[in-house]
Amino acid sequence: MDRPADAGDPWAVSADEFPDDASPETQFAFLVRYAVLAPSSHNTQPWRFSVDDGGVDVYADTERWLPVADADRRELFVSVGCALENLLVAAERFDFDHEVTYFPDGTSDHPDDDRFVHVARVVLAPDGSRSALRGGLFEALTERSTNHGPFYGEVSPTTRGALAEAVTDADIWARFVESAETKAALGDLVTRADRRQFENPSYRRELGEWIGNGALEPSWVKAKLGQLVVTHLDLGDRQAATDSVLVESAPVVVALGSDADTLSARVRVGQTFERLALFATTEGLSVHPMSQVLELADLREELVETLGVETGVVQHLFRLGYADPEPGRSSRRPLAAVVD
Ligand SMILES: Cc1cc2nc3c(=O)[nH]c(=O)nc-3n(C[C@H](O)[C@H](O)[C@H](O)COP(=O)(O)O)c2cc1C
């Protein structure tokens, strides 16, 4: 196989570069260039791909897991789900039929202490058709980014309806929170979670490591450092106001959850989130995941109560709205580091 070239800016990948006359393996490796543009917790990019002439194997790289922030490995598998979804969107664009088998080697998230967890086998075949679900999302793969600024505007019922339709798995659900009262309660939860995390030296150390290795984009770091400074100067009321503004001013806060807390559900929540994020991008909307509440077990319970969820678990929380663009793009690891 021709190894995928590290041709400069990963965001500059273009459909024109698709290797039409190359082997399936080389073509599938090209699709991985889109998979790696997916969002991930702390931009850890905790994925690995193995490509052959029949398709792509997708793995979670547990060396890139965040043991403090993500103690139960939920974000690890949600992040890999985002990359899997990008892979499927790209596969459809280049007319590959795809069939996904989740956790083909079993569903342990610590398999014999192996570094890599086999999350999915994606069998790819030519002459596939584009689905209504993913057909319009390809251009957004290179345009999507997380936005940390204030959100404004209103999300029309039509757009909200289209977003709801992208939630297709029977055991995965979305709550679209628009009521001022519930958003105020969510803002309060986020503020309390931020304070607790920044009081925890292990959390600060882990975050510092990922900032130090350059994974996080400047706007992310600025937002987090702003919280850190405020927390440590004990400007509690002002910080509460900042977080409340971010959450309360967002037209919609979306919670994604699953009936059961299985590894497959976490991966499929990641896929669902990424579809919503890509669709939002096509509509000129921005998204911003806010995981701090989900990272603290007791606050996650409170979140379930605040949302009035009767059964199931909340797996992902994000703001949705219109926002001013933020400069710069988040970095990506070289392809050679993630493809076998
Ligand atoms: C599972 C998951 C959890 C995330 N949690 C947060 C978060 O709590 N706060 C935040 O600012 N961004 C969060 N993000 C966004 C990532 O920081 C972002 O995707 C990453 O830095 C790459 O940037 P990009 O999305 O602009 O490509 C999360 C993303 C994922 C997939």
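Note that this is a predicted model, so its numbers are computed, not measured.

**With respect to the site of the ligand**
Point 1. Near the ligand you find 22 residues, and of these R144, T146, S291, S330 and R332 are the closest.
Point 2. T146 is positioned such that a nitrogen or oxygen atom in its side chain is 2.5 Å from an oxygen atom of the ligand.
Point 3. With respect to the ligand, the side chain of H148 contributes an N or O atom lying 3.5 Å from an oxygen atom.
Point 4. Looking at the shell around the ligand, the elements that each hand over two or more residues are α2 (74-93) and β7 (286-289).
Point 5. Counted by class, the shell around the ligand contains seven nonpolar, twelve polar and three charged residues.
Point 6. If you count residues domain by domain, the shell around the ligand takes at least three from each of domain 1 (10-144 + 329-337) and domain 2 (157-321).

**Here we look at the sheet that holds strand β5 (residues 172-177)**
The pairing of strands in a sheet happens through backbone hydrogen bonds and is either parallel or antiparallel.
Point 1. Ordered by their spatial adjacency, four strands build an open sheet running β5-β6-β8-β7, and the pairing between neighbours is antiparallel. Whereas interior strands pair on both sides, the edge strands pair on one side only; in this sheet they are β5 and β7. Along the sheet, successive strands turn relative to each other by an average axial angle of 25°, direction set aside.
Point 2. With four bridges joining them, β7 and strand β8 (residues 313-321) adopt antiparallel strand pairing. Bridge pairing links H288 to R319 in β8.

**Side note on the domain arrangement of the protein**
Point 1. Here the domain parsing of the protein yields domain 1 (10-144 + 329-337) and domain 2 (157-321).
Point 2. Distance from the C-alpha centre of domain 1 to the C-alpha centre of domain 2: 23 Å.
Point 3. If you look at the interface, domain 1 gives 40 residues, while domain 2 gives 36 residues.
Point 4. Around 3,100 Å² of area is buried between domain 1 and domain 2 when both sides are counted, 67% of it from carbon and sulfur atoms.

**Observations regarding the side chain of R300**
Point 1. Following the sequence through the fold, R300 ends up in helix α9 (residues 297-307).
Point 2. At 2.9 Å, the side chain of R300 forms a polar contact with the backbone oxygen of V314.
Point 3. In contact with R300, not counting residues within four places along its chain, are D72, R74, D261, V293, L294, V313, V314 and Q315.

**With respect to the pattern of salt bridges**
Point 1. A full pass over the atoms with the stated rule returns 20 salt bridges.
Point 2. Between R121 and D57 there is a salt bridge; the shortest N-O distance is 2.9 Å. Of this pair, R121 sits in strand β4 (residues 116-125) while D57 sits in strand β2 (residues 55-61); the two residues are 64 residues apart in sequence, bridging distant segments of the chain.
Point 3. Overall, the relative accessible area of 19% leaves R121 in the buried class.
Point 4. What makes D57 buried here is its relative accessible area of 9%.

**Quick look at the sheet that holds strand β1 (residues 47-52)**
Point 1. The four strands are arranged β1-β2-β4-β3 in an open sheet whose pairing can be described as antiparallel. Every other strand in the sheet has two partners, leaving β1 and β3 (97-102) as the edge strands with one partner each. Averaged over all pairs of adjacent strands, the angle between their axes in this sheet comes to 20°, without regard to strand direction.
Point 2. In terms of strand pairing, β3 meets β4 through six bridges, oriented antiparallel. The residue bridging D97 from the neighbouring strand is A125, located in β4.

The rules behind each value
Residue indices follow the written sequence of each chain, beginning from 1 at its first position. Per-residue local features are limited, in this predicted model, to residues with pLDDT of at least 70; the limit for side-chain atom pairs, both in listing and counting, is 80 or more; totals at the level of whole chains, interfaces and linings are taken over all residues. Side-chain calculation: all heavy atoms of the structure are included, whereas hydrogens and water are not. To be near a molecule or strand, a residue needs just one of its heavy atoms within 4 Å of it. The term polar contact refers here to a pair of N or O atoms within 3.5 Å; inside protein, the definition further demands a hydrogen-donor-capable atom paired with an acceptor-capable atom, and it admits residues adjacent in sequence only when both atoms are side-chain atoms. Only DSSP runs of H or I covering at least 4 residues are called helices, and only runs of E covering at least 2 are called strands; the numbering of each starts at the N terminus. Charged residues are taken to be Asp, Glu, Lys and Arg, nonpolar residues to be Ala, Val, Leu, Ile, Met, Phe, Trp, Tyr, Cys and Pro, and polar residues to be all remaining types, Gly included. What marks off one domain from the next here is an automatic or database domain assignment. Any two strands with at least two DSSP-identified bridges between them are counted as paired. Geometry is summarised by axes, namely lines fitted to C-alpha atoms with helices restricted to the contacting stretch, and by angles between N-to-C directions that run from 0 to 180 degrees. What makes two residues a contact is simply this: any of their non-hydrogen atoms within 4.5 Å. Once two parts are joined, some of their accessible surface, as seen by a 1.4 Å probe, is lost; buried area is that loss totalled over both. We define a salt bridge as a contact between a side-chain nitrogen of Lys or Arg and a carboxyl oxygen of Asp or Glu at a distance within 4 Å. Under the scheme applied here, a residue whose accessible area is under 20% of the maximum for its type counts as buried, over 50% as exposed, and between as partly exposed, the area being computed with a 1.4 Å probe on protein chains only.

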